[in-house]
Number of protein chains: 4
Amino acid sequence: MRVGVLTGGGDCPGLNAVIRAIVRKGTEKLGWEVLGFRDGWQGPLTGRSIPLGLTDVDHILSRGGTILGSSRTNPYKQDGGAGAIKNVLAEQGVEALIAIGGEDTLGVARQLSEEGIRVVGVPKTIDNDLAATDYTFGFDTAVHIATESIDRLRTTAESHHRALVVEVMGRHAGWIALHSGLAGGANVILVPERPFAVDKVVEWVQSRFERMYAPIIVVAEGAVPEDGEQALHSGETDAFGHVRLGGVGTWLADVLGERTGKESRAVVLGHTQRGGTPTAYDRVLATRFGLHAVDAVAEGDFGTMVALRGTEIRRAGLDEATAELKTVPPDRYAEAEVFFG
Amino acid sequence: MRVGVLTGGGDCPGLNAVIRAIVRKGTEKLGWEVLGFRDGWQGPLTGRSIPLGLTDVDHILSRGGTILGSSRTNPYKQDGGAGAIKNVLAEQGVEALIAIGGEDTLGVARQLSEEGIRVVGVPKTIDNDLAATDYTFGFDTAVHIATESIDRLRTTAESHHRALVVEVMGRHAGWIALHSGLAGGANVILVPERPFAVDKVVEWVQSRFERMYAPIIVVAEGAVPEDGEQALHSGETDAFGHVRLGGVGTWLADVLGERTGKESRAVVLGHTQRGGTPTAYDRVLATRFGLHAVDAVAEGDFGTMVALRGTEIRRAGLDEATAELKTVPPDRYAEAEVFFG
Amino acid sequence: MRVGVLTGGGDCPGLNAVIRAIVRKGTEKLGWEVLGFRDGWQGPLTGRSIPLGLTDVDHILSRGGTILGSSRTNPYKQDGGAGAIKNVLAEQGVEALIAIGGEDTLGVARQLSEEGIRVVGVPKTIDNDLAATDYTFGFDTAVHIATESIDRLRTTAESHHRALVVEVMGRHAGWIALHSGLAGGANVILVPERPFAVDKVVEWVQSRFERMYAPIIVVAEGAVPEDGEQALHSGETDAFGHVRLGGVGTWLADVLGERTGKESRAVVLGHTQRGGTPTAYDRVLATRFGLHAVDAVAEGDFGTMVALRGTEIRRAGLDEATAELKTVPPDRYAEAEVFFG
Amino acid sequence: MRVGVLTGGGDCPGLNAVIRAIVRKGTEKLGWEVLGFRDGWQGPLTGRSIPLGLTDVDHILSRGGTILGSSRTNPYKQDGGAGAIKNVLAEQGVEALIAIGGEDTLGVARQLSEEGIRVVGVPKTIDNDLAATDYTFGFDTAVHIATESIDRLRTTAESHHRALVVEVMGRHAGWIALHSGLAGGANVILVPERPFAVDKVVEWVQSRFERMYAPIIVVAEGAVPEDGEQALHSGETDAFGHVRLGGVGTWLADVLGERTGKESRAVVLGHTQRGGTPTAYDRVLATRFGLHAVDAVAEGDFGTMVALRGTEIRRAGLDEATAELKTVPPDRYAEAEVFFG
């Protein structure tokens with residue numbers, strides 16, 4: 001049996017651990033040939049693939065990124081994309097495909113599955129916003145890195161009596177902000193799910209300064225002020241007559257500086273959050289996802305994806321992956337609010 | 001309302017995060033006085049306690065260990081222990097008690113609860129072997145540290161064509177060995193739940209050497225060979241006429257050296273696994289446990305403990321904490337076996 | 001004998017290690033009273049000080065920042081500043097002062113010394129640009145953090161075939177860029193000492209892409225293009241009609257994207273480089289600086305500062321600290337150029 | 001020109017960084033062919049070698065160990081060893097050899113050089129005990145790892161009021177113990193250079209307990225008690241009638257437990273100290289050593305080794321490498337003694 005594998009969308013620590021588990025179990029235990037497609041859906045579109053054997057997956061368990069490369073190519077956004085993929089799979093004798101990716105990648109997998117291609121999905125999103133699974137690999141690593149940065153910034157904040165705004169990833173869901181903010185002891189956490197009142201943030205920051213603390217504000221890149229996001233676009237002139245530089249973190253640091261009279265600085269963590277060696281948690285989760293995806297293929301349970309429920313790996317329909325965005329619910333945000341101000 | 005808190009048993013990264021969450025929510029949001037008892041059950045036995053306010057829990061979120069100290073004192077193992085505790089609580093005006101600890105500490109809590117003392121438990125075991133909860137804080141940190149060590153040892157093993165045996169914690173349950181072995185890419189993982197055949201281990205190690213890998217064997221301290229553990233006691237003379245030095249890891253490295261003719265070394269990770277700053281995962285879990293323990297007290301739901309189920313914090317009876325040891329089930333061990341040899 | 005200590009300028013990992021060493025040796029071995037002045041020169045100006053005993057310096061060896069606070073206050077920039085300091089020192093019975101800081105702080109120390117105040121300096125600059133000493137503490141930590149970030153970013157760059165520009169600290173000297181670039185395997189390193197030709201950087205980046213590498217460009221915040229820095233000011237409109245957002249790193253990523261047609265991103269490490277626990281190297285150096293500063297005071301060798309020469313701690317005149325900026329020399333930059341392109 | 005390279009002796013973080021620098025500069029800048037010999041002197045003895053090109057040294061800068069393998073083979077300990085090496089070098093057309101290793105490896109290099117083989121040395125010792133150079137790569141990484149472990153153990157010691165003995169590497173020189181002990185805030189540091197009085201250690205430990213500290217004792221594996229080392233041999237029966245298990249650390253923990261009545265534990269860090277990714281410091285030093293070794297070969301300056309003096313890379317005679325062991329001098333130990341007790 002020949003099985004293909006690809007990784008799509010933004011890179012994420014743990015992708016290589018999934019690939020390794022698929023190759024180890026597929027080739028050593030089940031006698032498969034495993035073929036790696038390059039650069040997401042571009043691989044099965046254009047036929048660019050490489051055979052994956054044991055030596056190819058040596059030493060990659062602890063490496064971030066993906067040895068297969070990735071892309072955001074969507075075969076349904078080009079004419080005949082799905083047909084081209086069918087042809088390539090037939091030509092290369094690929095009987096089943098394991099697609100590792102987020103909402104977009106799995107959405108394509110679902111469509112291809114409906115057209116008869118035998119696909120199993122492995123969910124991947126650093127933002128942890130897929131409803132079908134408790135957690136996705138990469139998220140723990142991102143939270144770990146963000147927390148380490150907050151730990152580092154705290155001493156600077158305290159030595160200089162400064163407010164520090166840390167902007168973390170999370171365009172639509174605030175999970176990284178919530179977890180790293182809790183873990184880093186942030187004094188305010190702002191998430192996309194809950195538009196924030198600038199006045200309230202100013203008040204929390206001031207109360208923190210009065211108690212001799214230097215406040216740390218963790219803000220998801222997608223968080224917006226209650227009174228609209230128009231002022232946030234980089235390069236535009238704001239109500240104060242300033243040209244806005246950068247995202248919500250930089251903007252908020254400026255506003256806090258102006259409103260509190262205290263020095264305020266922003267740090268935008270950016271891509272460092274999604275790179276480097278995965279945490280042990282993510283390596284275990286990614287490895288288990290890979291092993292169970294192999295099982296699903298071996299059992300012919302196509303059109304499904306693997307998912308974590310509690311401590312168990314289960315299967316869910318590929319449609320569940322894309323059905324709903326998993327956002328931070330009010331009770332989880334309320335837990336964090338205990339530490340605000 | 002005055003609420004006491006204590007930490008019992010072996011120390012564990014995240015204990016301070018629980019204490020901080022209790023103090024922050026208890027004092028700031030609910031107006032409680034929080035009293036910290038020193039050194040586990042010794043505190044309520046002898047009356048040694050300190051008031052815990054906001055400044056006492058500053059900067060402790062990221063610190064390992066416990067600011068309250070710990071001990072293995074069991075009040076039921078001394079005459080009048082339970083009575084002494086009742087008296088101390090009455091004298092100091094403590095209306096409810098939050099006990100953070102493992103099987104022993106929570107066992108005492110359960111007994112005291114049955115005698116009418118108002119107690120809420122927070123489960124703690126670095127070994128992750130409490131059945132009532134999916135995970136306990138400290139476990140992720142221990143796995144993280146063990147994995148980091150395995151990562152380090154791999155390069156030495158490969159440069160010198162050596163077998164390296166890494167002994168990790170786990171007297172009765174092999175969770176740390178299983179997770180760190182999976183995350184570190186171990187070639188053999190040995191756990192207490194499954195007595196191991198030395199011949200089989202030798203075979204795996206040899207096959208690994210033949211394929212030009214240097215094998216890493218992760219062994220839980222409580223793992224035993226199938227043919228009995230008599231040879232393992234440190235200081236005794238074994239079948240080879242050697243005095244045995246150290247635990248199963250050191251013993252196994254000796255045996256592998258003799259049987260394979262390859263250089264074999266043991267590293268015993270020991271206490272480094274339970275110290276130092278908790279991972280972000282453990283800080284979040286410990287913080288949530290602390291917040292929810294406060295809720296249980298506030299709601300008068302005594303005789304319970306907090307527990308993680310999936311992503312939710314639930315309550316369980318204190319009796320559940322001590323009912324059953326959660327060991328590595330066969331299907332989880334089978335996942336790891338894919339990578340053996 | 002009563003001895004004062006203060007920390008001035010930007011915070012730096014290792015400041016607390018210096019303070020601890022001064023207190024431990026001063027009080028335990030020499031019987032001194034040690035007084036900590038708050039917030040740099042503001043302390044001796046306003047009289048804000050606290051006694052420092054053994055328990056005050058517990059647990060601070062591994063903590064970043066400074067327990068004394070810091071500021072950029074310069075007593076010579078306000079009328080009667082030096083006189084106010086003399087009065088405060090006399091009033092509080094402080095017979096000697098240890099000033100820990102960079103060019104500005106030590107410049108003030110030198111002036112006060114010339115006016116008869118008994119001062120010993122400890123050099124501090126995260127940028128490593130003081131000519132009087134081989135290395136300053138904090139630098140190794142900054143390089144360590146920047147290197148860790150570059151390691152993380154490499155996997156993202158490779159997975160997405162992107163160019164990544166990492167902007168590190170270094171306004172006037174490129175030491176952090178040079179060392180972290182070498183340690184992180186950067187393909188281009190740009191420093192303030194050597195204005196760069198954009199064409200040449202584009203060429204290096206393209207050649208790297210052709211050889212299937214994803215390039216990492218490390219740029220010091222003070223690096224400037226050969227053809228002038230006018231385009232770099234944030235908020236201004238550049239030659240391409242864009243409003244410039246951010247510093248040289250962001251600008252360069254934009255230019256590389258436009259010129260190479262490849263996705264290019266910038267990450268600005270910012271304050272994370274100067275926070276958090278110091279590396280072992282910096283803790284040892286800072287501790288030795290503190291011990292030797294105590295010796296200089298004990299021997300009455302005022303007007304001096306401690307300095308590292310090879311593996312030895314020596315003394316230098318306070319005037320040497322401010323005499324000359326230590327920049328990256330051509331032969332050190334040439335070492336790095338081996339790896340360019 | 002064809003140049004050989006080999007790595008001998010115990011592995012050490014940074015070896016791969018040296019190899020990479022040699023290959024990058026040798027092939028890209030000077031047009032050399034570089035040949036890697038396998039497993040130390042075994043390679044040139046038996047002819048086992050592999051060509052090293054750019055892709056072979058990709059991604060190895062941050063990897064511990066050595067891609068060439070290592071051994072302790074000494075060609076002068078077998079008949080005709082030197083002759084065999086000459087023949088192999090001639091057969092394979094190797095005109096010069098770069099030998100990376102410690103006292104033994106460089107001793108062989110010196111002898112071969114005296115016999116006319118064109119050799120340049122790169123010093124390597126994790127123990128930092130080569131007199132010819134200020135520092136060797138690998139040492140900073142070992143100190144970093146040991147310090148991290150001490151940081152972790154401190155919280156356990158304090159939570160349980162225990163004495164913890166940490167045994168680190170250093171058979172003949174106490175540099176790792178000295179630096180990690182200083183960096184980790186150890187209360188006692190014991191080194192091979194200074195036999196220790198057990199009574200004095202007991203006294204320090206007791207005084208520390210009285211002041212409410214939990215003491216950490218860092219001991220080099222080669223440290224010995226003043227009253228002789230006979231009791232230390234593992235497996236023998238000591239004065240207390242116990243069979244001794246393990247080295248000086250384990251022994252000392254037993255003695256401290258018996259003498260102070262406090263719980264005392266030993267942790268033996270072992271091989272974890274020499275594995276894993278090198279620190280940024282070691283990557284820079286190793287890279288510079290590699291570049292300068294290439295220069296020495298290019299300039300025909302054979303019989304020499306590269307060495308660090310202050311911030312400069314210099315050359316020393318290969319005889320200097322083996323002339324003298326660099327041990328911890330009394331004044332450096334006296335610095336540490338400030339913190340004892």
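All values reported here derive from a predicted model rather than from experimental measurement.

Rules of the game
- Residues numbered from 1 in each chain as written.
- Chains lettered and ligands numbered in written order.
- Predicted model: local features only at pLDDT ≥ 70, side-chain atom pairs only at ≥ 80, totals over all residues.
- Heavy atoms only, no water.
- Helix = DSSP H or I, 4+ residues; strand = E, 2+ residues; numbered from the N terminus.
- Contact = heavy atoms within 4.5 Å.
- Domains from an automatic or database assignment.
- Buried area = accessible area lost by both parts, 1.4 Å probe.
- Salt bridge = Lys/Arg side-chain N within 4 Å of Asp/Glu carboxyl O.
- Polar contact = N/O pair within 3.5 Å; in protein donor to acceptor, adjacent residues only side chain to side chain.
- Nonpolar A, V, L, I, M, F, W, Y, C, P; charged D, E, K, R; others polar.
- Least-squares fit on C-alpha atoms with pLDDT ≥ 70 in both.
- Pairing = 2+ DSSP bridges.
- Axes fitted to C-alpha atoms, helices over the stretch in contact; angles between N-to-C directions.
- UniProt positions renumbered as here; feature names shortened; annotations may be inferred.
- Buried < 20%, exposed > 50% of the residue type's maximum accessible area, 1.4 Å probe, protein only.
- Phe/Tyr/Trp six-rings, centres within 6.5 Å; stacked < 30°, edge-to-face > 60°.
- Lys NZ or Arg CZ within 6 Å of the ring centre and 35° of its normal.
- Right-handed = clockwise from strand over helix to strand, strands pointing away.
- Parallel < 35°, antiparallel > 145°, perpendicular 65-115°, else oblique.
- Left-handed = near helix turned anticlockwise from the far one by under 90°.

Turning our eyes to something else, we now look at the side chain of B:Arg208. Mapped onto the elements, B:Arg208 comes out in helix H7 (residues 198-210). Contacts of B:Arg208, omitting those with residues within four sequence positions, involve A:Arg24, B:Asn187, B:Tyr213, B:Ala214, B:Pro215, B:Phe339, B:Phe340 and B:Gly341.

Before going further, it helps to examine the domain arrangement of chain A. Accessible area lost upon the coming together of the parts serves often as the stated size of an interface. All names here are of chain A. When the domains of chain A are assigned, the result is domain 1 (2-137 + 277-321) and domain 2 (141-273). On a C-alpha basis, the centres of domain 1 and domain 2 stand 35 Å from each other. Domain 1 puts 10 residues into the contact, and the matching count from domain 2 is 11 residues. Approximately 720 Å² of surface area, both sides summed, lies buried where domain 1 meets domain 2, with 59% of it carried by carbon and sulfur atoms. Across the domain 1-domain 2 interface, the total number found is zero salt bridges. The tally of links between domain 1 and domain 2 comes to two residue pairs in polar contact (both at pLDDT 80 or more). By residue class, the composition of the side of domain 1 that touches domain 2 is four nonpolar, three polar and three charged.

The two chain copies are connected by a rotation around an axis plus a translation along it. The operation relating chain C to chain D is a screw motion whose rotation component is 180°, with 0.0 Å of axial translation and a residual RMSD of 0.0 Å. Such a combination of rotation and displacement between the chain copies is what one expects of a two-fold axis. Across chain C, the smallest distance between a C-alpha and the rotation axis is recorded for C:Gly310, namely 1.9 Å. A share of 98% of the interface residues of chain C reappears at the interface of chain D, consistent with the copies meeting face to face through the same patch.

The next subject is the sheet that holds strand E9 (residues 264-268) of chain B. All names here are of chain B. As summarised here, the arrangement of the four strands in space is E7-E8-E6-E9, forming an open sheet in which the pairing is parallel. The strands lining the two open edges of the sheet, one partner per strand, are strand E7 (188-190) and E9. Neighbour-to-neighbour, the strand axes of this sheet turn through a mean angle of 15°, independent of strand direction. Here strand E6 (residues 163-168) runs beside strand E8 (residues 216-220); their pairing, made up of five bridges, is parallel. Bridging across to E8, Glu167 finds its partner in Val219. The strands touched by helix H6 (residues 175-184) within the sheet are E6, E7 and E8, with E7 carrying the most contacts at an inclination of about 170°.

All names here are of chain A. With numbering matched to this structure, UniProt assigns "active site" (unreviewed entry) to Asp127. Examined against the element boundaries, Asp127 turns out to sit in the loop between strand E5 (119-123) and helix H5 (139-160). Asp127 sits in the buried class, given a relative accessible area of 17%. Once you skip the residues sitting within four places of it in the chain, Asp127 turns out to touch Phe139, Met169, Gly170, Arg171, Trp175 and Ile176.

Residue and element names in this part refer to chain A. With parallel pairing, the four strands of this open sheet are ordered in space as E7-E8-E6-E9. A strand with exactly one partner marks an edge of an open sheet, and here the two such strands are strand E7 (188-190) and strand E9 (264-268). Each strand axis lies, on average, 15° off the axis of its neighbour in the sheet, ignoring direction. Sheet topology note: the E7/strand E8 (residues 216-220) ladder contains three bridges and is parallel. If you follow Leu190 over to E8, its bridge partner there is Val219. Helix H8 (residues 248-260) rests against strand E6 (163-168), E7, E8 and E9 of the sheet, and its axis sits at about 170° to E9.

In the superposition of chain A on chain B (RMSD 0.0 Å, axial shift 0.0 Å), the rotation amounts to 180°. An overlap of 100% is found between the interface residues of chain A and their copies at the interface of chain B, pointing to a shared contact surface.

Using the criterion set out here, one finds 76 salt bridges over all chains in the structure. Linking B:Lys86 and B:Glu115 is a salt bridge whose minimum nitrogen-to-oxygen distance equals 3.6 Å. One end of the pair, B:Lys86, is in helix H3 (residues 81-91); the other, B:Glu115, is in the loop between helix H4 (103-114) and strand E5 (119-123), with 29 residues separating them in the sequence. The exposure class of B:Lys86 is partly exposed, given its relative accessible area of 34%. When the shortest N-O distance is used, the salt bridge between D:Glu299 and D:Arg315 registers 2.9 Å.

All right, on to the packing of aromatic side chains then. Scanning the entire structure with this criterion turns up 22 aromatic pairs over all chains. Aromatic pair A:Tyr135 and A:Tyr281: ring centres 6.3 Å apart, planes at 85°, arrangement edge-to-face. Residue A:Tyr135 is located in the loop between E5 and H5, and its partner A:Tyr281 is located in helix H9 (residues 280-298); the two are separated by 146 residues in the primary sequence. Just as A:Tyr135 is buried, A:Tyr281 falls in that class too. For the pair D:Phe137 and D:Phe289, a centre-to-centre distance of 6.2 Å together with 70° between the ring planes defines the contact as edge-to-face. Taken together, the positions of D:Phe137 in the loop between strand E5 (119-123) and helix H5 (139-160) and D:Phe289 in helix H9 (residues 280-298) put the pair 152 residues apart, joining distant regions of the chain. D:Phe289 carries the same exposure label as D:Phe137, and that label is buried. A network of ring pairs unites the aromatic residues A:Tyr135, A:Phe139, A:Tyr281, B:Tyr135, B:Phe139 and B:Tyr281 as a single cluster. One residue, A:Lys326, lies across the ring of A:Trp175, its end atom 5.9 Å from the ring centre.

Residue and element names in this part refer to chain A. Of all the six residues making up strand E1 (residues 2-7), five are buried; the element is thus mostly covered by neighbouring parts of the structure. Relative to strand E2 (residues 33-37), E1 runs parallel, the two being bridged by four bridges. The partner of Val3 across the bridge, within E2, is Val34. You can see the chain leave E1, run along helix H1 (residues 15-29) and come back into E2, and the turn it takes is right-handed.

Attention now moves to the packing of H5(A) against helix H5 (residues 139-160) of chain C. Remark: H5(A) packs on H5(C), axes separated minimally by 14 Å, with the N-to-C direction vectors making an angle of 160°. Classified by the angle their axes make, H5(A) and H5(C) are roughly antiparallel. For the element pair H5(A) and H5(C), the recorded crossing hand is left-handed. Together, A:Thr141, A:His144, A:Ile145, A:Glu148 and A:Arg152 of H5(A) and C:Thr141, C:His144, C:Ile145, C:Glu148 and C:Arg152 of H5(C) make up the contact between the two elements. When its residues are assigned to classes, the contact of H5(A) with H5(C) shows two nonpolar, four polar and four charged.

The topology assignment puts C:Asp39 in the loop between strand E2 (33-37) and helix H2 (42-46). The contact partners of C:Asp39, leaving out residues within four places of it in the chain, are A:His161, C:Thr7, C:Arg48, C:Leu68, C:Gly69, C:Ser70 and C:Ser71.

With respect to the helices and strands, B:Gln111 occurs in helix H4. Along the chain, B:Gln111 and B:Ile217 lie 106 residues apart, while their C-alpha atoms are 41 Å from each other.

With that settled, consider the interface of chain C and chain D. Each side of the interface is counted separately: chain C has 45 residues, and chain D has 44 residues. Each partner contributes to the roughly 3800 Å² buried at the junction of chain C and chain D, and carbon and sulfur atoms together form 55% of this total. Counting across the interface, chain C meets chain D through four salt bridges. For D:Arg283, the salt bridge goes to C:Asp151, with nearest N and O atoms at 2.8 Å. For the side of chain C that touches chain D, the secondary-structure elements that each account for two or more residues are helix H1 (15-29), H5, helix H6 (175-184), helix H9 (280-298) and helix H11 (330-337) of chain C. When residues of the side of chain C that touches chain D are assigned to their parent elements, the largest contribution, eight residues, is made by H9(C). Class assignment of the residues belonging to the side of chain C that touches chain D gives a composition of 14 nonpolar, 11 polar and 20 charged.

All names here are of chain C. Contact geometry for H5 and H6: axes closest at 8 Å, N-to-C directions at 45°. With respect to their mutual orientation, H5 and H6 come out oblique. Here the hand of the crossing between H5 and H6 comes out right-handed. Two secondary-structure elements touch here, H5 through Phe139, Ala142, Val143, Ala146, Thr147, Ile150, Asp151 and Arg154 and H6 through Trp175, Ile176, His179, Ser180, Gly181, Ala183 and Gly184. For the contact of H5 with H6, the residue count by class is eight nonpolar, five polar and two charged.

Further remarks concern the environment of C:Phe302. Along the chain, C:Phe302 falls in the loop between H9 and strand E10 (304-309). Apart from the residues lying within four places of it in its own chain, the contact partners of C:Phe302 are C:Ala96, C:Arg118, C:Val119, C:Val120 and C:Val297.

What follows concerns the interface of chain A and chain B. Each side of the interface is counted separately: chain A has 45 residues, and chain B has 45 residues. Put simply, chain A and chain B have four salt bridges between them. In this assembly, chain A and chain B are joined by 12 residue pairs in polar contact (both at pLDDT 80 or more). Of all elements in the fold, only H1, H5, helix H6 (175-184), H9 and helix H11 (330-337) of chain A reach the threshold of two or more residues within the side of chain A that touches chain B. Here the side of chain A that touches chain B takes eight residues from H9(A), the largest share from any one element. Of the residues that constitute the side of chain A that touches chain B, the class distribution is 14 nonpolar, 11 polar and 20 charged.

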